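# A look at the structure
The chain contents come next:
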Amino acid sequence: MSTYVARRLLGVVLVVLATSVLIFAIVHILPGNVAYAILGEYATPAAVATLQQRLGLNDPLWLQYWRWLAGFLHGQMGQSLVMDRPAGPLILDALGRSAILAGSAFVIVASGGIALGVHAATHQGHVSDRVMTLAQFVFIAVPDFFWAILAVVVFASWLHWLPATGYAPPADGLLAWVSHLVLPVIVLSIGLLAHVSRLTRAAMLEVLRSRYVLMARAKGMSERRVLWRHAAPNAMLPTITILAIDFGLLIGGVVVVETVFAYPGLGRLLVFAIEHRDLPLLQAGMLVLTTIYALANLAADLGYAALNPRIRYRAAA
Amino acid sequence: MDRGAVPAASGTAIMRRRILGSRGGNSALLFGGLALAALATAALVGLWYTPYAPDAFAVHLRLAAPSLAHPFGTDEFGRDVLSRVLAGAHLSLAIGFGAMLVSLALGVPLGLLAAFDRGWVSAAIMRGADLMISLPPILLGLLILAVTPPNLGKTILAVGLVYVPILVRLSRAVALGLLEEDFVQAARARGEGAVSILAREILPNAWPPIIVECGLRVTFAILLGASLSFLGLGPQPPSSEWGLMIAESREFLAQAPWMGLAPGLCLCALLVAVNVAGEGLRARLDPSHA
């Protein structure tokens, strides 16, 4: 198991390094000079030259890349051009707020999706299963920004139950903080909940047809024990993979949902950086996001290995 | 016609019978396909005819509620929302299916090549696919569209690139299985070249699972494309791409909810149609999922 963990950790480091090269390359090779981006298209050549000098844009690309990466390893993520502040604290603050949003949504998706999926599989063909199948079809097909708009229209504009947009720090009181989180978290969860519950149902049905479940039932084991001791742990394996995939979708959802609800997280910071062509901030934010995604995939792989002895032993051998 | 083509042709014939033939009804494929055809027809009509000009201002009709003259109401410039929805319909379809074509055109040849070549070419292709899969899907799109000015073509490219590694892996796996088949061995024994074997023996037999995958991915491609253009990274105003229309409606949600609801509901209808048709296609082509 420890060689497996070590190999996967090395994999994460390689992925993050390769991604850093990719991000740097796209930002620096595609047309669109950073200095012109800052100064506007009517900048004088002298002003552009001065700024390029100041930002070190005349140095060879490998040196610029190395400076960027070395800064990152020392905890310095570069300087936001538009806000003229270090990008690191900006990103970390935003990341904390995004983590609360995405973390709450992920807990709802994982626990709710598995519970609903198992329920649907064990009640195959019942009314509740049919209603859920239909709902899943619709929920998967509705874009999260449209849910967000519907939620704002209904709960904020018409009913005035919850604030439409914005964020309140916990210092403003627990109620204000939570009330700003409710709509974004629900919108973020709803599509993924449908996805996870649908695939958990499929995995569970597959397992319930297997011979070891037949065997367990044949020897008179109680249905509850068959379900939770034999069927569910095996159905969890594909579900973990799905949760890892959905984490990527969740990151995309966070970008969109934070924009709609004007929630000051990492997604909105990235969109801000794009709109204002703040390339250092964009580069740093994207590298942080990729690192988190790689770590989430690592966690999924390790969870998979912990539940699946075949991988554990093959990796050790 | 050489001998090697015979099994390939019969395989294609079987697939054709499965899709077009009367082997059992498939209501999902039928209804999904019909709905999709209706929406595609509306999109085609919208290219040439709309009740009003989609970009004609009418200041006295700002934010008018739905009525007989304007079934979907008007927006903040008095533009007819129905006309704008119709005129923008082809964009969502173009992004979804265009992106799929991009991933097919890049992913399938690379996947087949990776299956055929067992040396460093294969290793390079598969490691590249691994790397792309380990990026969050929206990131690549954001990165490409952030650095250069966004437009329809770039959105299609950005969405298409996301699904390239998935198609590389899939077509490689399918081709690896087919490479062991007798008719491929026969073609090899006849001394046919790699390109000929890939194009004439492997590809005609590899496409059913690839088409199934594409059918299911189109939904996500349309969603991702609409999300990007919602963020302002797709077709630019005054275009009436649906994601963009929804983004523009945000300021007026309280007074004029129809501005966002009309394109939003149309987008949902399109996504449900594509999703149902994709599932139907899978049930038809992949009996293990029926």
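Values in this document were obtained by computation on a predicted structure and should not be read as measured data.

## Structural notes on the confidence of the model for chain B
All names here are of chain B.
- Here chain B averages 83 in pLDDT, and 90% of its residues register 70 or above.
- Counted against residues more than four places away or in other chains, residues 18–24, with its pLDDT under 50, gives 5 contacts.
- As scored by the predictor, the complex reaches a pTM of 0.82 and an ipTM of 0.79.

## Side note on the packing of helix α8 (residues 174–208) of chain A against helix α10 (residues 223–260) of chain A
Residues and elements named next belong to chain A.
- Where α8 contacts α10, the two axes come as close as 9 Å, and the packing angle between them is 160 degrees. Put simply, α8 runs roughly antiparallel to α10. Crossing of α8 over α10 shows right-handed handedness.
- Grouping the amino acids of the contact of α8 with α10 by side-chain chemistry returns 19 nonpolar, 5 polar and 1 charged.

## Regarding the interface of chain A and chain B
- Of the residues lining the interface, 38 residues belong to chain A; the matching set on chain B comes to 31 residues.
- If you list the elements that add at least two residues to the side of chain A that touches chain B, you get α1 (2–29), α6 (127–141), α7 (144–158), α10, α11 (266–275) and α12 (279–307) of chain A.
- Among the residues making up the side of chain A that touches chain B, the classes are represented as 30 nonpolar, 8 polar and no charged.

## A look at the nonpolar core
- Among the nonpolar cores identified, the biggest contains 166 residues, and Ile91(A), Ala148(A), Leu250(A), Leu270(A), Leu143(B), Ala221(B) and Ile222(B) are the most heavily contacted of them.
- With 19 residues, the single largest contributor to this core is helix α3 (residues 81–116) of chain B.
- Every residue in contact with Leu270(A), bar those within four places of it in the chain, is listed here: Val255(A), Leu282(A), Gly285(A), Met286(A) and Leu142(B).

## Some details on the environment of Pro257(B)
Residue and element names in this part refer to chain B.
- Assignment of secondary structure puts Pro257 in the loop between α9 (242–249) and α10 (258–285).
- Of the residues examined, Pro257 has 21 C-beta atoms within 10 Å and is grouped as buried.
- Once the C-alpha coordinates of Pro257 and Asp80 are considered, the two residues, 177 residues apart in sequence, prove to be 14 Å apart.

Thresholds, definitions, all that
- The written sequence of each chain sets the order in which its residues are numbered from 1.
- Both sets of labels track the order of writing: A upward for chains, 1 upward for ligands.
- Only residues with pLDDT of at least 70 get local features here, since the model is predicted, and only at 80 or more are side-chain atom pairs given and counted; chain-wide, interface and lining totals rely on the full set of residues.
- Note on scores: pLDDT gives the predictor's confidence for each residue, bounded by 0 and 100.
- Two residues qualify as being in contact provided that their C-beta atoms, derived from the backbone, are within 7 Å of each other.
- The axes are straight lines fitted to the C-alpha atoms, using for helices just the contacting stretch, and the angles between their N-to-C directions are given from 0 to 180°.
- Segments assigned H or I by DSSP are reported as helices when at least four residues long, segments assigned E as strands when at least two residues long, and all are numbered from the N terminus.
- Working definition: roughly parallel below 35 degrees, roughly antiparallel above 145 degrees, roughly perpendicular at 65 to 115 degrees, and oblique for all remaining angles.
- The hand of a helix crossing depends on one turn: near helix anticlockwise from the far one by less than a right angle means left-handed, and clockwise means right-handed.
- The residue classification treats Ala, Val, Leu, Ile, Met, Phe, Trp, Tyr, Cys and Pro as nonpolar and Asp, Glu, Lys and Arg as charged. All others, Gly included, are polar.
- Any nonpolar core is a set of buried residues, restricted to Ala, Val, Leu, Ile, Met, Phe, Trp, Tyr and Cys, that join up through C-beta atoms within 7 Å.
- Partly exposed residues are those falling between the two cut-offs: more than 12 but fewer than 20 other C-beta atoms within 10 Å of their own, whereas 20 or more means buried and 12 or fewer means exposed, with C-beta atoms placed from the backbone.

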